[in-house]
Amino acid sequence: MTTTTTFALIRHGQTDWNAAARIQGATDIPLNDIGRGQATDAVASLSRYDWDFIVSSPLSRAAETADLIGNRLGLGLARRLPTLIERDYGPAEGLSAGAELDALRFPGGFHGAETEEAVAARGIDALRELAREHPGARIIVVAHGTLIRLSLENALDQPIGSISNASLNLVQHHHAHADGGAAWQLDVLNGQPLVRA
């Protein structure tokens, strides 16, 4: 017997730091007015499906996005999960492209930042825990671009590319009870349905 839990993975709406191409990471930067509009616009694609509840990162840009979506879909306020916080970029946070940021780079990361492997493990563990606690549920998860991208790459073992603000990313977690195994299937990426061969 297989139980399928469906996740809508939504990156928060735009912030002023997004607009300025500054690294946010774990820094708590709020939504701007464009981001609030994006959160409201996200409801159209989400309303095509039925959802059981909504969870989010506790950072204000994700929390406000989730609450705007949840209120419009009649789901109420989101549960906040600390494991969904964006990657901690350490001293790179607040920087944009340039010499100061380049000085922090090394192959595969930034000095003083949380590793990609740790972020991916944290994100996928959060999704697995939600699937374990709520088998068969349909859950909206509002988080952050890097966390969503790395979690999907970990689950699917393939590159994903950047995640757009407030876009729909629909993924299914299939848990087979007999052998305890699980499989992931990505159906929509950045609002675009994926065509399977």
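Let me sum up the structure you'll find in this document. As the structure is a prediction and not an experimental result, all values here were calculated from the model. (Residues numbered from 1 in each chain as written. Predicted model: local features only at pLDDT ≥ 70, side-chain atom pairs only at ≥ 80, totals over all residues. Heavy atoms only, no water.)

So, the layout of surface pockets
Of the pockets and cavities examined, the largest pocket occupies roughly 470 Å³. Forming the boundary of the largest pocket are 23 residues, of which R11, N18, R22, I23 and T146 lie nearest the centre. Elements that contribute at least two residues to the lining of the largest pocket include exactly α1 (16-19) and α6 (145-156). When residues in the lining of the largest pocket are grouped by element, the largest group, 3 residues, is from α6. Across the lining of the largest pocket, the residue classes break down as 8 nonpolar, 9 polar and 6 charged. (1 Å grid on protein atoms, 1.4 Å probe; cavity = no way out; pocket = protein on both sides within 12 Å on 5 of 7 lines; lining within 4 Å. Points joined across faces, edges and corners; volume = space filled by probe spheres on them. Helix = DSSP H or I, 4+ residues; strand = E, 2+ residues; numbered from the N terminus. Nonpolar A, V, L, I, M, F, W, Y, C, P; charged D, E, K, R; others polar.)

A few points about helix α2 (residues 33-46)
Over its 14 residues, α2 runs 20 Å from end to end, which matches the ideal 20 Å to within 8%, given 1.5 Å per residue. Turning to α2, its buried residues are G35, A39, A42, V43, S45 and L46. End-on view of α2: buried residues confined to an arc of 165 degrees, all on one side of the axis. In this structure, α2 carries D33, I34 and D41 as exposed residues pointing more than 90 degrees from its buried face. Buried residues along α2 sit in contact with β1 (2-11), α3 (60-73), β6 (138-143) and β7 (168-176). (Expected span 1.5 Å × (residues − 1). Buried < 20%, exposed > 50% of the residue type's maximum accessible area, 1.4 Å probe, protein only. Arc of directions from axis to C-beta. Contact = heavy atoms within 4.5 Å.)

A look at the nonpolar core
Grouped burial of nonpolar side chains is what soluble globular proteins tend to show. With 29 residues, the main nonpolar core has F7 and V141 as its most contacted residues. Broken down by element, the residue count for this core peaks at 7 residues, all from helix α5 (residues 116-133). The contacts of V141, once residues within four sequence positions are left out, are F7, A8, L9, I10, V55, L84, L127 and L130. Within the second largest apolar cluster, 17 residues are counted, among which are I10, A62, I69 and A78. (Core = buried A, V, L, I, M, F, W, Y, C linked by side-chain atoms within 4.5 Å.)

Observations concerning empty space enclosed by the protein
A complete count under the given rule lists 1 cavity of 30 Å³ or more for this structure. Estimated volume of the largest cavity: approximately 50 Å³. Residue lining of the largest cavity: L9, L84, G123, L127, V141, A143, L147, I148 and S151, and that is the complete set. Listing elements by their share of the lining of the largest cavity, those giving two or more residues are α5, β6 and α6.

Focus: the pattern of salt bridges
Within this structure, the stated rule accounts for 9 salt bridges. The closest approach of N and O atoms between R87 and E116, which form a salt bridge, is 3.9 Å. In this pair, R87 is assigned in the loop between β3 (79-80) and α4 (99-104) and E116 in helix α5, connecting sequence segments 29 residues apart. By relative accessible area, which is 3% here, R87 ends up buried. Two residues, R105 and D102, come together in a salt bridge whose shortest N-O distance is 3.4 Å. A relative accessible area of 44% means that R105 is categorised as partly exposed. A single salt-bridge network, built from bridges that share partners, covers D33, R36 and E64. (Salt bridge = Lys/Arg side-chain N within 4 Å of Asp/Glu carboxyl O.)

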